[in-house]
Amino acid sequence: MPFQDIGLNDGTKIPSIAFGSGSVNKGKDVHQYIEQAIETGFSHLDTAQYYFNEESVGKAIRESGLDRSEVYITSKYSNGKETARDSIEASLSKIGVKYLNLYLIHHPRIVPDYVGAWRELEEFKDEGLTRSIGVSNFGIEELQILLKHASVTPAVNQMRLHPYNYAELKPLLEYQAKHGIVTEAYGSLAPLTTYPGGPVDTPLKKAAERLGVTTTQVIFLWVKAKGAVIVTTSSNKQHLEEYLAVGDLPPLTPEEIEAIDAAGAQGPPKLSALAARLARKYRASGRSLGLRHLAGFVGIGLLFVGFEVFSSRA
């Protein structure tokens, strides 16, 4: 059956798969990609102030001809230097809508006064500027602090979630489940795109062969099994169709889920993990990341692995 909506703790529902306009699309005119996603069957569109492309998201929605009620729109407060009210009003204007379905605090590091910001988000919910409110990239400590002061419990926490960080995040996921906070998962394809050749590959391939599907689809079945909303993106229509087809697939068996969890707990390949970590730090500096830089990161990773091998034999 198609992807089902997930109930939130405020009584609303959220589509369980979303098309994201961040990542490689940051700062780009994405209206053609959004149009393609809508045509393929996505109704949940995820954007943010930080992505600098809310206008093109709005353009695609208008050109789609869909009624506002047919589209679920998420955006995020990403600029701690201005008030949350200024930010949501700017987002509503750029997207061209009167309300959002979900508004998130993008990250506790870029909105340090997230407790004060949350009070504003609660006002937005009361005023009808957004139907639901939540957070993104929050850990247990930040959620605990927030809940001490909140009148409204966050409906969701959007975070990077994949088999290689699941064991680390399990306490956070359990804490969220206790408080009725739904997980939204982005970056879930990391075992294939960032950490290929790792221990997770084996259970992914085994499940894919049993079901006659791709390993990409197996990962999304794994995310579904965790009760999380999938946030993904692609400029390739065939990939979008592949993602949406997951809604019609049978679930993974408990044994397959356990095997993926166990393999992920072993950690990703050291070389790709180090290269990915260096790449993230490089991007965080605001510089562009090209093939030459990636090659450099791989070279550093090889030196690191070589040193470990030498040390182990000394």
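Model, not experiment: these values are computed from the prediction.

Thresholds applied
- Residues numbered from 1 in each chain as written.
- Predicted model: local features only at pLDDT ≥ 70, side-chain atom pairs only at ≥ 80, totals over all residues.
- Heavy atoms only, no water.
- Phe/Tyr/Trp six-rings, centres within 6.5 Å; stacked < 30°, edge-to-face > 60°.
- Helix = DSSP H or I, 4+ residues; strand = E, 2+ residues; numbered from the N terminus.
- Buried < 20%, exposed > 50% of the residue type's maximum accessible area, 1.4 Å probe, protein only.
- Lys NZ or Arg CZ within 6 Å of the ring centre and 35° of its normal.
- UniProt positions renumbered as here; feature names shortened; annotations may be inferred.
- Pairing = 2+ DSSP bridges.
- Axes fitted to C-alpha atoms, helices over the stretch in contact; angles between N-to-C directions.
- Contact = heavy atoms within 4.5 Å.
- Parallel < 35°, antiparallel > 145°, perpendicular 65-115°, else oblique.
- Nonpolar A, V, L, I, M, F, W, Y, C, P; charged D, E, K, R; others polar.
- Right-handed = clockwise from strand over helix to strand, strands pointing away.
- Polar contact = N/O pair within 3.5 Å; in protein donor to acceptor, adjacent residues only side chain to side chain.
- Salt bridge = Lys/Arg side-chain N within 4 Å of Asp/Glu carboxyl O.

**A look at the packing of aromatic side chains**
Within the structure shown, the criterion is met by 7 aromatic pairs. With centroids separated by 5.6 Å and ring planes inclined at 80°, the aromatic side chains of Tyr 166 and Trp 222 adopt a geometry described as edge-to-face. Linking Tyr 166 in helix H6 (residues 166-178) with Trp 222 in helix H9 (residues 215-225), this pair joins segments that are 56 residues apart in sequence. For the pair formed by Tyr 166 and Trp 222, the shared burial category is buried. In this structure, Arg 68 packs its charged tip against the face of Tyr 99, placed 4.1 Å from the ring centre. Over the aromatic face of Phe 3 sits the side chain of Lys 224, whose NZ or CZ is 5.1 Å from the ring centroid.

**Remarks on the UniProt feature "active site" (unreviewed entry) in the protein**
Under the UniProt annotation, the feature "active site" (unreviewed entry) is placed at Tyr 51. Here Tyr 51 is to be found in the loop between strand E4 (44-46) and helix H2 (54-64).

**Remarks on unusual backbone geometry**
You will see that Phe 52, though not glycine, has its phi angle at about 55°, which is positive. If you trace the backbone, Phe 52 turns up in the loop between E4 and H2. Classification of Phe 52 by relative accessible area gives exposed; the value is 56%. In this structure, Asn 137 takes a positive phi of about 65° despite not being glycine. Considering the arrangement of structural elements, one finds Asn 137 in the loop between strand E7 (130-136) and helix H5 (140-149).

**Comments concerning the sheet that holds strand E10 (residues 229-232)**
Strand order in the closed barrel formed by 8 strands is E3-E4-E5-E6-E7-E8-E9-E10, with parallel pairing between adjacent strands. Along the sheet, successive strands turn relative to each other by an average axial angle of 30°, direction set aside. Where helix H4 (residues 114-127) meets the sheet, it contacts strand E5 (72-77), strand E6 (100-105) and E7, and its direction lies at approximately 160° from that of E7.

**Side note on the packing of helix H8 (residues 201-211) against H9**
In contact at an axis separation of 9 Å, H8 and H9 are set at 100° when each is read in the N-to-C sense. Taken as axis vectors, H8 and H9 run roughly perpendicular relative to one another. Where H8 approaches H9, its residues Leu 204, Lys 205, Ala 207, Ala 208 and Leu 211 are matched on the opposing element by Thr 215, Val 218, Ile 219 and Leu 221. Across the contact of H8 with H9, the residue classes tally to 7 nonpolar, 1 polar and 1 charged.

**Description of the pairing of E7**
Here E7 lies mainly inside the structure; 6 of its 7 residues are buried. Taken together, the 5 bridges between E6 and E7 define a ladder with parallel strand orientation. Counterpart to Ile 105 in the pairing with E7 is Val 135. Inspection of the sheet shows E7 paired to strand E8 (residues 156-160) by 2 bridges, in the parallel sense. If you follow Ser 136 over to E8, its bridge partner there is Gln 158. For the crossover from E7 across H5 to E8, the handedness is right-handed.

**Some remarks on the pairing of E8**
The element E8 is largely enclosed, with a buried count of 4 among its 5 residues. Handedness of the E8-H6-strand E9 (residues 182-186) crossover: right-handed.

**Observations regarding the UniProt feature "site: Lowers pKa of active site Tyr" (unreviewed entry) in the protein**
Annotation from UniProt places "site: Lowers pKa of active site Tyr" (unreviewed entry) at Lys 76. In this structure Lys 76 comes out as buried when scored by relative accessible area, which is 0%. In contact with Lys 76, not counting residues within four places along its chain, are Asp 46, Thr 47, Ala 48, Gln 49, Tyr 51, Tyr 103, Leu 104, His 106 and Gln 158. A distance of 2.5 Å separates a polar atom in the side chain of Lys 76 from a polar atom in the side chain of Asp 46.

**Describing the side chain of Ser 234**
Positionally, Ser 234 belongs in the loop between E10 and helix H10 (237-244). Overall, the relative accessible area of 12% leaves Ser 234 in the buried class. Only 3.0 Å separates the side chain of Ser 234 from the backbone nitrogen of Asn 236, close enough to count as a polar contact. Separated by 3.4 Å, the side chains of Ser 234 and His 239 make a polar contact.

**A closer look at the pattern of salt bridges**
In total, this model carries 6 salt bridges according to the counting rule given. Notably, a salt bridge pairs Arg 85 with Glu 123, separated by 3.3 Å at the nearest N-O pair. Of this pair, Arg 85 sits in helix H3 (residues 84-95) while Glu 123 sits in helix H4; the two residues are 38 residues apart in sequence, bridging distant segments of the chain. Judged by its relative accessible area of 23%, Arg 85 is partly exposed. Taking the relative accessible area as the measure of exposure, Glu 123 reaches 39% and is therefore partly exposed.

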